[in-house]
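# Architecture and fold: a report
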Amino acid sequence: MSIIDNDVHQTYTHHSEVARYMPMGPFKDRCLESGFGYPGGMYYSVAGGVRHDAFPDSGPPGSSYELMCEQHLNKYDVRYAVLNGGAMLGINLMSEQDYPASLATAYNLWLDAEWLSKDDRFLGSAMIACQNIDASVQEIKQVSRNPRIKQILLSAVTPMPIGHRYYRPILEACADESLILAFHPGGNQSSGTAPVPTPVGFPSYYLEWHTLLPTVYMTQICSLVAEGVFEALPELKVNFIEGGASWLPSFMWRFDKNYKALKSQTPWLVHPPSYYIKRNCFFTTQPREEPEKHSDLETLYKFGGVENNILYSSDYPHWDYDTPEFAVRGLSVALKEKIMFKNAEALLGIKV
């Protein structure tokens, strides 16, 4: 069946490739001399960060278009692949405003010139520096002119929950320009200015950090719903990438239960939280949860009523890459079709 992959990571061989798209001046000089300079990760993964077979002859995994085609796009006849970058999400967590905004613009120009132009299967996620509201709104309006750009991509964690009214101009711009707001883990291992990754501090191991990624998305969803973002902007779509989805049903049950008793605190909410989540939020399969009985995953999706909210993603070329077969193993044909392409068609506004 047709395949739309909602999370493929392309990257640069060297940061100077992105710096070429910066205007002459101190920001370009700084980038060329010392790199991007955003906070890095602090956790060690025994599995590494990428597939061991994904290294091209030169450069890091994800930098070779030819190898990406060989190992993933052509191998599985992927019709569309949404490119979510390689290592730029940390710009959301820098303490500065102007320099990271300049990096975001340069990245978006590089993405269009060096990747989107190579293959009509590629769709793009543009970067912004969300700490610079004015520059972010301007960048959203600029990239919206490119029909191949489908999303505005942020780090899974932000300095404040994304529903905070400080960020409302960014959310309004995404809605006005019909661009999806997307989140992806990156820059959120709490180095530098990133928030602590759990409510009780720093876990010891990468195993813990990776397992707890959905808690970040729970926080962002609570913020978006409770702050009334989806009531004010009903057309805004939000994509939560690389956090799985099996936690959704119980999370919505708990959210709805609390809303019944506490809704006077948020009188702007006309519907229970699960209504907004099902209408406005989307989730990717990778890393797919693995119950002993694979079909239990479909039962869980049906319990939560989220069969139309799940999108296939491979996470190529990362270490926990999921093939299309694995992502929908044990599911019915009807649900496979929704996950592999139908749900993404509706969200991205494309046809396979």
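Residue numbers here run from 1 along each chain, matching the order of that chain's written sequence. Predicted model: local features are reported for residues with pLDDT of at least 70 only, side-chain atom pairs are reported and counted for 80 or more only, and whole-chain, interface and lining totals are derived from all residues. Water and hydrogen atoms were dropped before computing side-chain values, which therefore reflect all heavy atoms in the structure.

Take the pairing of strand β7 (residues 281-284) next. Neither face of β7 is exposed, since Cys281 and Phe283 on one face and Phe282 and Thr284 on the opposite face are all buried. One bridge is not enough; two strands pair if DSSP finds at least two bridges between them. Per the convention used, a helix needs a DSSP run of H or I reaching at least four residues, while a strand needs a run of E reaching at least two, with both numbered from the N terminus. Of the strand pairs in this sheet, strand β6 (residues 238-240) and β7 are connected by three bridges, and their pairing is parallel. Considered in β7, the bridge of Val238 is made with Cys281. By the bridge criterion, two bridges tie β7 to strand β8 (residues 310-311) in an arrangement that is parallel. By the bridge assignment, Phe283 is partnered in β8 with Ile310. Tracing the backbone out of β7, into helix α12 (residues 296-304) and back to the parallel element β8 gives a crossover that is right-handed. In this scheme, a residue with accessible area under 20% of its type's maximum is buried, one over 50% is exposed, and one in between is partly exposed, where area comes from a 1.4 Å probe on protein chains only. Look down the strands so they point away from you; if going from the first strand over the helix to the second traces a clockwise path, that crossover is right-handed.

Now for the sheet that holds strand β3 (residues 122-127). Read across the open sheet, the eight strands follow the order β1-β2-β3-β4-β5-β6-β7-β8; overall the sheet is parallel. The outermost strands of the open sheet, each flanked by one partner alone, are β1 (4-8) and β8. The pairing of strand β4 (residues 149-155) with strand β5 (residues 180-184) spans five bridges and is parallel. Note that in β5 the partner of Ile152 across the bridge is Leu181.

Okay, the packing of aromatic side chains next. Side-chain rings of Phe, Tyr and Trp (the six-membered ring for Trp) are treated as a pair once their centres are within 6.5 Å; stacked means planes under 30 degrees apart, edge-to-face means over 60, and tilted covers the remaining angles. The tally for this structure, following the rule as stated, stands at 18 aromatic pairs. Both rings, one in Phe251 and one in Phe255, keep their centres 5.8 Å apart while their planes meet at 55 degrees; by these two values the pair is tilted. Pair noted here: Phe251 and Phe255 are both in helix α10 (residues 248-262), with a separation of four residues, about one helical turn. Each of the two residues, Phe251 as well as Phe255, counts as buried. Seen from their ring centres, Tyr275 and Tyr276 are 5.5 Å apart, and the 85 degrees between their planes marks the pair as edge-to-face. Tyr275 gets classed as partly exposed once you look at its relative accessible area, which sits at 35%. Among the aromatic side chains, those forming a connected cluster through ring pairs are Phe183, Tyr217, Phe240, Trp247, Phe251, Phe255 and Phe283. The cationic tip of Arg79 hangs over the ring face of Tyr80; the distance from NZ or CZ to the ring centre is 4.4 Å. When the NZ atom of lysine or the CZ atom of arginine is within 6 Å of a ring's centre and also within 35 degrees of its normal, the charge is said to sit over that ring.

For the bond running from Gln286 to Pro287, omega is -5 degrees, close enough to zero to count as cis. Here Pro287 is to be found in the loop between β7 and α12. Tyr316 connects to Pro317 through a cis peptide bond whose omega is 0 degrees. Turning to its location among the elements, Pro317 is positioned in the loop between β8 and α13 (324-327). With phi around 55 degrees, Ser178 is a residue other than glycine that occupies positive phi space. Along the chain, Ser178 turns up in the loop between α6 (168-176) and β5. A positive phi angle, near 65 degrees, is found at Glu242, a position not held by glycine. Summarising the element assignment, Glu242 is placed in the loop between β6 and α10. A relative accessible area of 8% means that Glu242 is categorised as buried.

For the rest of this paragraph, the subject is the packing of helix α4 (residues 98-114) against helix α5 (residues 133-143). Axis angles are defined between N-to-C directions and span 0 to 180 degrees, where every axis is a line fitted to C-alpha atoms and, for a helix, only to the segment in contact. Look at α4 against α5: their axes get within 10 Å of each other, and the N-to-C directions meet at 10 degrees. Between α4 and α5, the angle is such that the two are roughly parallel. Contacts between α4 and α5 pair Ala101, Ala104, Thr105 and Asn108 from the former with Ala135, Glu139 and Val143 from the latter. Partitioning the contact of α4 with α5 into residue classes produces four nonpolar, two polar and one charged. When an angle is under 35 degrees it counts as roughly parallel; over 145 it counts as roughly antiparallel; between 65 and 115 it counts as roughly perpendicular; any other value is oblique. Contacts: residue pairs with any heavy atoms within 4.5 Å of one another. Any residue that is not Ala, Val, Leu, Ile, Met, Phe, Trp, Tyr, Cys, Pro, Asp, Glu, Lys or Arg is counted as polar, Gly included; the first ten are nonpolar and the last four charged.

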